[in-house]
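Residue-level structural notes
Each chain, written out:
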Amino acid sequence: MTTLLFSAVVVAGSMSLGLLLALALNRAGHFAAFVRSAVFSAYVVSWVSVALLWLWVLDADAGALSALVRQSGLVPRNWLGDPEVAIYTVALVTIWKIAGYSLVIFLAGLQDVPRELQEAAALDGAGAFRRFLHVTWPLLRPTAAFVATTSLILSFQVFDVVRVMTQGGPIRSTTVFVYAIYEDIFMNLRVGRASAQVVVFFVFLLGLTALQLWAWRQREAA
Amino acid sequence: MTPRTVIGWKGAVGEIALHFGLGLVALVWLLPYAWMVATSFKTLPEILQAPSYPLPSGLDFEAYAAVLGAMPLGRYFWNTAVMALAIALLQMAVALPAGYALAKLRFVGRPLAFGLVIATLLIPAQVRFVPVFALLAEVRLVNTMAALVLPFGVSALGTFLVRQALLSVPDSIVEAARLDGAGELRIIYGLLGPMIAPTLVALFLFSFVFHWNDYFWPLVMTTNDTVRTLPLGIALLREQGTGVRWHIVMAGNVLLSLPVLAVFAATQRYLLRAVASGA
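It should be emphasised that the depicted structure is a prediction, and the values quoted were computed from it without experimental measurement.

Points about the overall build of chain A
- A tally of helices and strands in chain A yields 10 helices and 0 strands.
- Helices and strands in chain A line up, N terminus first, as α-α-α-α-α-α-α-α-α-α.
- Principal-axis analysis of the C-alpha atoms gives chain A an extent of 65 × 50 × 25 Å.
- Among the 222 residues that make up chain A, the fraction classed as buried is 53%.
- Counting contacts in chain A only where the partners sit at least 6 residues apart, residues at least 24 apart contribute 67% of the total.
- Of the accessible surface of chain A, which amounts to about 10,400 Å², a share of 64% is contributed by carbon and sulfur atoms.
- Positive and negative side-chain charges of chain A, numbering 15 and 12 respectively, have mean locations separated by a distance of 2 Å.

Remarks on the overall build of chain B
- When helices and strands are tallied, chain B shows 14 helices and 0 strands.
- Sequence-ordered secondary structure for chain B, helices as α and strands as β, is α-α-α-α-α-α-α-α-α-α-α-α-α-α.
- When the backbone C-alpha atoms are referred to their principal axes, chain B occupies close to 75 × 75 × 30 Å.
- Scored against the burial criterion, the 279 residues of chain B give a buried share of 42%.
- Taking the contacts inside chain B whose residues are at least 6 apart along the sequence as the reference set, 74% of them involve residues at least 24 apart.
- Here chain B contributes 17 positive and 12 negative side-chain charges, whose respective centroids are spaced 8 Å apart.

Some points on the packing of helix 10 (residues 184-195) of chain B against helix 11 (residues 197-213) of chain B
Residue and element names in this part refer to chain B.
- Running from amino to carboxyl end, helix 10 crosses helix 11 at an angle of 85 degrees, the nearest separation of the two axes being 5 Å. For the element pair helix 10 / helix 11, the angle class is roughly perpendicular. Each of G193, P194 and M195 in helix 10 lies in contact with helix 11, whose residues at this interface are A197, P198 and L200.
- Its residues placed into classes, the contact of helix 10 with helix 11 shows 5 nonpolar, 1 polar and no charged.

A short note on the interface of chain A and chain B
- Taken together, the contact pairs 55 residues of chain A with 49 residues of chain B.
- Taken together, both faces of the contact between chain A and chain B bury some 4,900 Å²; the carbon and sulfur share is 76%.
- Across the chain A-chain B interface, the total number found is 1 salt bridge.
- As a salt-bridge pair, R27 of chain A and E15 of chain B come within 3.0 Å of each other at their nearest N and O atoms.
- Remark: the boundary between chain A and chain B carries 11 residue pairs in polar contact (both at pLDDT 80 or more).
- Elements with a minimum of two residues in the side of chain A that touches chain B: helix 1 (2-25), helix 2 (30-44), helix 3 (47-57), helix 5 (86-111), helix 8 (160-165), helix 9 (177-186) and helix 10 (191-221) of chain A.
- Among the residues forming the side of chain A that touches chain B, the class breakdown is 42 nonpolar, 8 polar and 5 charged.

Some details on the pattern of salt bridges
- Tallied over the entire structure, the rule returns 5 salt bridges over all chains.
- As a salt-bridge pair, R193 of chain A and D184 of chain A come within 2.7 Å of each other at their nearest N and O atoms.
- The exposure class of R193 of chain A is partly exposed, given its relative accessible area of 43%.
- One salt bridge in this structure joins R178 of chain B and E184 of chain B, with 2.9 Å as the shortest N-O distance.
- Among the residues examined, E184 of chain B registers a relative accessible area of 33% and is labelled partly exposed.

Concerning unusual backbone geometry
- A positive phi angle, close to 50 degrees, is found at Q167 of chain A, a residue other than glycine.
- With respect to the helices and strands, the residue Q167 of chain A is situated in the loop between helix 8 and helix 9.
- The exposure class assigned to Q167 of chain A is partly exposed, which follows from its relative accessible area of 35%.
- Phi is positive for R140 of chain B, close to 55 degrees, though the residue is something other than glycine.
- Mapped onto the fold, R140 of chain B is located in the loop between helix 6 (125-138) and helix 7 (145-149).
- Here R140 of chain B falls in the exposed class, since its relative accessible area comes to 74%.

What to know about helix 4 (residues 64-71) of chain A
- All of the buried residues along helix 4 of chain A are A64, S66 and V69 of chain A.
- A positive phi of about 85 degrees marks G73 of chain A, the residue just after helix 4 of chain A.

Some thoughts on the domain arrangement of chain B
- Here the domain parsing of chain B yields domain 1 (3-49) and domain 2 (71-236).
- Measuring from the centre of the C-alpha atoms in domain 1 of chain B to the corresponding centre in domain 2 of chain B gives 39 Å.

A closer look at the nonpolar core
- The biggest cluster of nonpolar side chains holds 127 residues, and the ones touching the most others in it are W54 and M165 of chain A.
- In terms of residue count, helix 5 of chain A provides more of this core than any other element does, 14 residues in total.
- Mapped onto the domain boundaries, this core takes at least three residues apiece from domain 1 (3-49) and domain 2 (71-236) of chain B.
- With 16 residues, the next largest nonpolar core counts Y100, V169, V174 and I187 of chain B among its residues.

Remarks on the environment of S41 of chain A
- With respect to the helices, strands and loops of the structure, S41 of chain A is situated in helix 2.
- Excluding its chain neighbours within four sequence positions, the residues that come into contact with S41 of chain A are Y33, L261 and F264 of chain B.
- Polar side-chain contacts of S41 of chain A include one of 2.7 Å to the backbone oxygen of A38 of chain A.

A look at the confidence of the model for chain A
- Of all residues in chain A, 95% have pLDDT values of 70 or greater, and the mean over the chain is 84.
- When pLDDT is averaged over each element of chain A, helix 2 of chain A comes out on top at 92 and helix 10 of chain A at the bottom at 75.

The rules we used
Residues numbered from 1 in each chain as written. Chains lettered and ligands numbered in written order. Predicted model: local features only at pLDDT ≥ 70, side-chain atom pairs only at ≥ 80, totals over all residues. Heavy atoms only, no water. Helix = DSSP H or I, 4+ residues; strand = E, 2+ residues; numbered from the N terminus. Buried < 20%, exposed > 50% of the residue type's maximum accessible area, 1.4 Å probe, protein only. Contact = heavy atoms within 4.5 Å. Areas by Shrake-Rupley, 256 points an atom, 1.4 Å probe, with all protein chains shown as cover. Lys, Arg positive; Asp, Glu negative; His and termini not counted. Charge placed at Lys NZ, Arg CZ, Asp CG, Glu CD. Axes fitted to C-alpha atoms, helices over the stretch in contact; angles between N-to-C directions. Parallel < 35°, antiparallel > 145°, perpendicular 65-115°, else oblique. Nonpolar A, V, L, I, M, F, W, Y, C, P; charged D, E, K, R; others polar. Buried area = accessible area lost by both parts, 1.4 Å probe. Salt bridge = Lys/Arg side-chain N within 4 Å of Asp/Glu carboxyl O. Polar contact = N/O pair within 3.5 Å; in protein donor to acceptor, adjacent residues only side chain to side chain. Domains from an automatic or database assignment. Core = buried A, V, L, I, M, F, W, Y, C linked by side-chain atoms within 4.5 Å. pLDDT = per-residue confidence, 0-100.

Structural data, given as structure tokens:
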């Protein structure tokens, strides 16, 4: 359940953020290239680095974010210590890490949208939003399906960030699937149970991918 | 004032707002790095200071010295570099003939073989590690470099990328080389390898960065210092009761992430193009 909630937040968050940024950054120029590289850099850096970085930024006592919140007169939340909040915090950090990936893929997809189509729609009096809805989005759908599959699978495999930031806690609120397997094998020494979980995990991944491929083909055919 | 200029004025405001927003976005991604570097040069009293000042009072290398004292840093660096390099080279060496067979040779069951390669693309390390760990324990290879390198020597992604690249090489080139008397190995490594160099370099870079960063596999396959890698050591810094000594953890983090960021900065055009093309 934790994994499903986590994946839903991560996939929705990183995809919409990636798409939004791609639409804003789909232009020439050094500034756009700079912003794109800045966002993508997080995808290149290791999960361990990202997890440690955000542990420190989010540190309840001396962290930069807590200090900022306190400065503005509010009481900072215990982002990683509160079992209600921790899973969303880890999800946000994951979004921060992988949004650059969907940004780059969406940018590549946008480059394949013919400029003439956009111009023709603009001449017909379509506003920016309608142009996106009726011209860009239909052409971008295969790209979106690809990004969705990849980030879904990625979010299901999440482990490092949980291991470093929360160790599955507080009160197991961030114990995602792979972390549970790891715990069973190395802490509870229940290899049989872990193996069974791995099989379930694999079947689940396989099903997800098959479903995505099917959805993709359906859309292509339509 | 004509409507046209009004639109232009509106557009200019939009441009400024967009640039402002994008600037903010860049800050959200770059400030944590800056905070990391700034923290790494601080002293313990500066960290503990209640309203903490963002910049360190001076360049203090105490934290870096502490990292060196806490772990065999040189050994970890060496282990990580050797592991990542060995995996990347091995993947290139194996993916080339495998991709060649799938792209250029005709044999019974080729579609099936290709299907199997694609299917293994979907199996992540988190699924494989239980049986592989049991297997390696059986042959007493846990806690060796072999346990870190060998399971990744064959890359489904690499095989797939090489196959795709070789499909665009005309068959006549291979046939001409055969007529000239070149052996298969010579054709693969001497002729086709250089022709698809961009794909191979992309594969190498990806593989190297991925395994340099990898935390999961070394974590489950090693328990002692002789083969432990850098991400493990740096993550341990925090667990070893460092408490509030964040300057030391961040110094370690700088050492871990800087090489990767440098590689990214040097090869980003290349990497971005490779990612965009579906690697």
